[in-house]
Amino acid sequence: FIKSLSTLFYISSVILGFFVVLNFNRTKIIESLFIALLLATNFHLLKYSTLIMSEIALVVCNMIFLFLFLKNEAKWKDSILPDWKLILLAFIGMLAFHIKTLAFPIIGAAFLYFIFRKKIKLAFGFLIWSFLFFLPYFLRNKIVGVGGGYLDELLKVNPYRPELGDLDLAGFLSRIETNFFRYIGKEIPYGLLSFPEVSSNVFPPTSHLIAGFGITFIILLGWNSLKGYRDFFLFYVIGTFTILLAWPEVWFGIRFMLSLIPILLILLGFGIIYLTQLTSNYFKFNRSFLSVPIIGILLALNFGWVQKNPLELPTIRFLRAYSKADYPPAFKNYLEVAKWSKFNLPNSAPVACRKPGIFHMFYDGPALGYPQVPDQNEFIQLIEQNKTDYIVIDQLGYSSTARFVVPVVRDNPELFSIIYQTNKPETYLVQYLGGN
């Protein structure tokens, strides 16, 4: 059901994207449709539309927010008591914020837009309602002891290694520089078009940097061509990338900028239309004769119809083949341990592991994350406190298992016993004997 819900969110986002584009491009429905198809065939939006993760929920909230804002902004009077549509806008914005802190820039963009339009009362009315929708869940988190999420970890050298402490100024500036070239040379070409993925631990190749700067330039042309709301889009995009530039380098990948991909694709489409408009004015022909084929070529690239190696690139043909493939060996063995545990462990025995949500789906019993502390005595105290008698040692590729679990099991053979082991890549189910 949840996977189907993600797909519904994706479809809704595409439909909303079409009407957002049509809002600026009313005389060219075919161009609006083709830009919406860029959203519909984007590799990453399609991929996340089948996953049980929060990214697509954030995308649809942002698109609903954008649609409501563009459709109604001109009708709102400068009043401290806004109408119900602005209250709904505040609710959707804060819902997006509760899904991911990264949604904050879209709320800030609307507030600043009202300020710059000298609708001061409206701006603070929107802010007050946003705060009222923020408060209940914030108080709930305080009561149950939930921290501030990403905000608490932003200034850490490495959120996964808190012992390294906080960033100094030099480290923060170095992070901004690293992230700038990463997003220009990796995430933007790979996220918007069918460029090959670049490994997270290498500097972007020259071809990707040139493509990234070129795509960014066309996006800026598209932004500049908007007849209205340029400052709103500017506040939103710059606000989001300001956060992403401060992002810890270990948080790499498209999913952190996924909510921005529909906006960037829309602006990219407007940039292509702007360039074709200049060309058509010079050569005296209808711009659609050029803009539609160009966007059509991008669609063909998204499908993987024209590349020599579409199964090695972010294309729909790759997604189709990937969906038919078996689990990767490490995950397959991880799930094998979960299935074995279901039939061989005592009822309701807690199991500590790296991916407790996935493990639980195949185990049916309680699963929780193992303690991520470097001190072995503290690790043992915490598993005793949680009454955890079983621990999974996986090879899923996450460093925490090797850093926190393996040393404890290796250095304390009298406390741990391997009760199940898979074939290569070996995944182990270990029983803790100290509590017995």
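In what follows, the structure referred to is the one given above.
Heads up: these notes are all about the structure in this document. (Residues numbered from 1 in each chain as written. Predicted model: local features only at pLDDT ≥ 70, side-chain atom pairs only at ≥ 80, totals over all residues. Heavy atoms only, no water.)

Here we look at the sheet that holds strand β1 (residues 351–353)
Working step 1: The strand order across the open sheet built from 5 strands is β2-β1-β3-β5-β4, with neighbouring strands paired in mixed fashion. Of all strands in the sheet, those bounded by a partner on one side alone are β2 (367–369) and β4 (416–421). Averaged over all adjacent pairs, the angle separating strand axes in this sheet is 30°, with direction ignored.
Working step 2: By the bridge criterion, 2 bridges tie β1 to strand β3 (residues 390–393) in an arrangement that is parallel. Along β3, the bridge assignment pairs A352 with I391.
Working step 3: Helix α15 (residues 329–344) rests against β1, β3, β4 and β5 (428–432) of the sheet, and its axis sits at about 100° to β4.
Working step 4: In this fold helix α18 (residues 399–411) packs onto β3, β4 and β5, with an angle of close to 125° to the strand it touches most, β3. (Pairing = 2+ DSSP bridges. Helix = DSSP H or I, 4+ residues; strand = E, 2+ residues; numbered from the N terminus. Axes fitted to C-alpha atoms, helices over the stretch in contact; angles between N-to-C directions. Contact = heavy atoms within 4.5 Å.)

Let's talk about the nonpolar core
Working step 1: Ranked by internal contacts, the top residues of the largest apolar core, which has 86 residues, are F69, F114, F126 and F232.
Working step 2: Leave out the neighbours within four places in its chain, and F232 touches F65, L66, F69, I106, A109, A110 and Y113. (Core = buried A, V, L, I, M, F, W, Y, C linked by side-chain atoms within 4.5 Å. Buried < 20%, exposed > 50% of the residue type's maximum accessible area, 1.4 Å probe, protein only.)

Thoughts on the packing of helix α6 (residues 104–116) against helix α11 (residues 230–245)
Working step 1: Where α6 contacts α11, the two axes come as close as 8 Å, and the packing angle between them is 145°. The hand of the α6/α11 crossing is right-handed. Every residue of α11 that contacts α6 at P105, I106, A109, A110, L112, Y113 and F116 is listed here: D231, F232, F235, Y236, G239, T240 and I243.
Working step 2: Considering only residue class, the contact of α6 with α11 consists of 11 nonpolar, 2 polar and 1 charged. (Left-handed = near helix turned anticlockwise from the far one by under 90°. Nonpolar A, V, L, I, M, F, W, Y, C, P; charged D, E, K, R; others polar.)

Quick look at the packing of helix α9 (residues 169–192) against helix α10 (residues 206–225)
Working step 1: The interhelical angle for the contact between α9 and α10, taken along N-to-C directions, is 75°, at an axis separation of 8 Å. Put simply, α9 runs roughly perpendicular to α10. Of the residues in α10, those in contact with F180, F181, I184, G185, I188, P189 and L192 of α9 are H208, L209, G212, F213, I215, T216 and I219. (Parallel < 35°, antiparallel > 145°, perpendicular 65-115°, else oblique.)

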